[in-house]
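Listed below, chain by chain, are the residues.
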Amino acid sequence: MGSELLRIAEGFSIVAEGLRGLAKAEGSTKDKAAVKEQKQDAAKAQTESAAEAQQEKPATLEGIRALMAQKTQEGKSKEIKELLQKYGAAKLSAVKPEDYPALMQEAQVL
């Protein structure tokens, strides 16, 4: 009977080792998910800080031009023309530099 008990104990040992391996594998899957989530959070924070930095920069002709090009691609050409007319200009280069900050803010809202 002693040898049978040893075989049973050995079997339990093998099962326990297999369960430990599964637990480690499951843990590494959770670790991968946590790392992926951390990367996504970091990317989101970077995007938000870039957007904040863009808003904090003084409005430049190049910045407004880029924003208006983006809005034109989004199908807002009519709104951009109306906005330029509001500032007494037929084209962006005719807008007064002192109006750049207000123009930039209004263009961002479009």
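Anything mentioned here points back to the structure above.
The rules behind each value
- Residues numbered from 1 in each chain as written.
- Predicted model: local features only at pLDDT ≥ 70, side-chain atom pairs only at ≥ 80, totals over all residues.
- Heavy atoms only, no water.
- Patch = residues over 30% accessible without salt bridge, like charges linked within 9 Å, V, L, I, M, F, W, Y side chains within 5 Å.
- Areas by Shrake-Rupley, 256 points an atom, 1.4 Å probe, with all protein chains shown as cover.
- Salt bridge = Lys/Arg side-chain N within 4 Å of Asp/Glu carboxyl O.
- Helix = DSSP H or I, 4+ residues; strand = E, 2+ residues; numbered from the N terminus.
- Buried < 20%, exposed > 50% of the residue type's maximum accessible area, 1.4 Å probe, protein only.
- Axes fitted to C-alpha atoms, helices over the stretch in contact; angles between N-to-C directions.
- Parallel < 35°, antiparallel > 145°, perpendicular 65-115°, else oblique.
- Contact = heavy atoms within 4.5 Å.
- Arc of directions from axis to C-beta.

## What about a nonpolar patch on the surface?
On the surface, Leu5, Ile8 and Phe12 cluster together to form a nonpolar patch covering roughly 330 Å² of accessible area. Relative to the assigned elements, Ile8 resides in helix H1 (residues 2-56). What makes Ile8 partly exposed here is its relative accessible area of 46%.

## Section: the packing of helix H2 (residues 61-73) against helix H3 (residues 77-86)
Look at H2 against H3: their axes get within 8 Å of each other, and the N-to-C directions meet at 140°. What the angle tells us is that H2 and H3 run oblique. In this structure, H2 uses Met68, Lys71 and Thr72 to contact H3, whose residues at the interface are Ser77, Ile80, Leu83 and Leu84.

## As for H3
Considered for burial, the residues of H3 that qualify are Ile80, Leu83 and Leu84. When H3 is viewed along its axis, its buried side chains cluster within an angular range of 100° and face the same direction. Exposed and oriented more than 90 degrees from the buried face of H3 are Lys78, Lys81, Gln85 and Lys86. Tucked into the core, H3 has its buried residues touching H2 and helix H4 (100-109). In the segment just after H3, Gly88 is the residue with positive phi, at about 70°.

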